[in-house]
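Remarks on the overall topology
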Amino acid sequence: NHALDKQPIILAGHRDSHMQFMSELKIGDKIELTMSDGLLKTYIISRVEVSDKPEITLSSLSLGRESLVLTTCWPFDSIKSGDQRYLIFADHLVPI
């Protein structure tokens, strides 16, 4: 395994287009990603939060392990932009 294989994947996008689906996700839901090499990876949502800062800060526990972070602007139905972000954290489901 390469060192980068064990790092979080962070995906960000606009709440009214690419990341609109985030409003329907909840803790326990599965997210499947097809990687550039064709490998399918599955993640389970473990936490959601709203942040007052546009930056993402990852704890040292997040580094060195496979996880997924999705982020978009908050609130979903707002017309104007702001600093709040909606974050979804998901853990990699290791195949048995």
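Residues numbered from 1 in each chain as written. Predicted model: local features only at pLDDT ≥ 70, side-chain atom pairs only at ≥ 80, totals over all residues. Heavy atoms only, no water.

In the structure shown here, the tally under the stated rule is 3 salt bridges. Between K26 and D29 there is a salt bridge, and its shortest N-O distance comes to 3.3 Å. Accessibility expressed as a relative area gives 18% for D29, which makes it buried. (Salt bridge = Lys/Arg side-chain N within 4 Å of Asp/Glu carboxyl O. Buried < 20%, exposed > 50% of the residue type's maximum accessible area, 1.4 Å probe, protein only.)

Summed over all chains, the structure comprises 1 aromatic pair. Ring plane angle 20° and centroid distance 5.2 Å describe the contact between W74 and Y86, whose orientation is recorded as stacked. Here W74 is found in the loop between strand 4 (67–73) and strand 5 (85–93), whereas its partner Y86 is found in strand 5, with 12 residues between them in sequence. Given a relative accessible area of 10%, Y86 falls into the buried group. (Phe/Tyr/Trp six-rings, centres within 6.5 Å; stacked < 30°, edge-to-face > 60°. Helix = DSSP H or I, 4+ residues; strand = E, 2+ residues; numbered from the N terminus.)

In this section: the environment of R85. Residue position: R85 is located in strand 5. We classify R85 as buried; its relative accessible area is 18%. Distance in space between the C-alpha atoms of R85 and C73 is 4.6 Å, their sequence separation being 12 residues.

In short, shape yes, function no, at least from these values alone.
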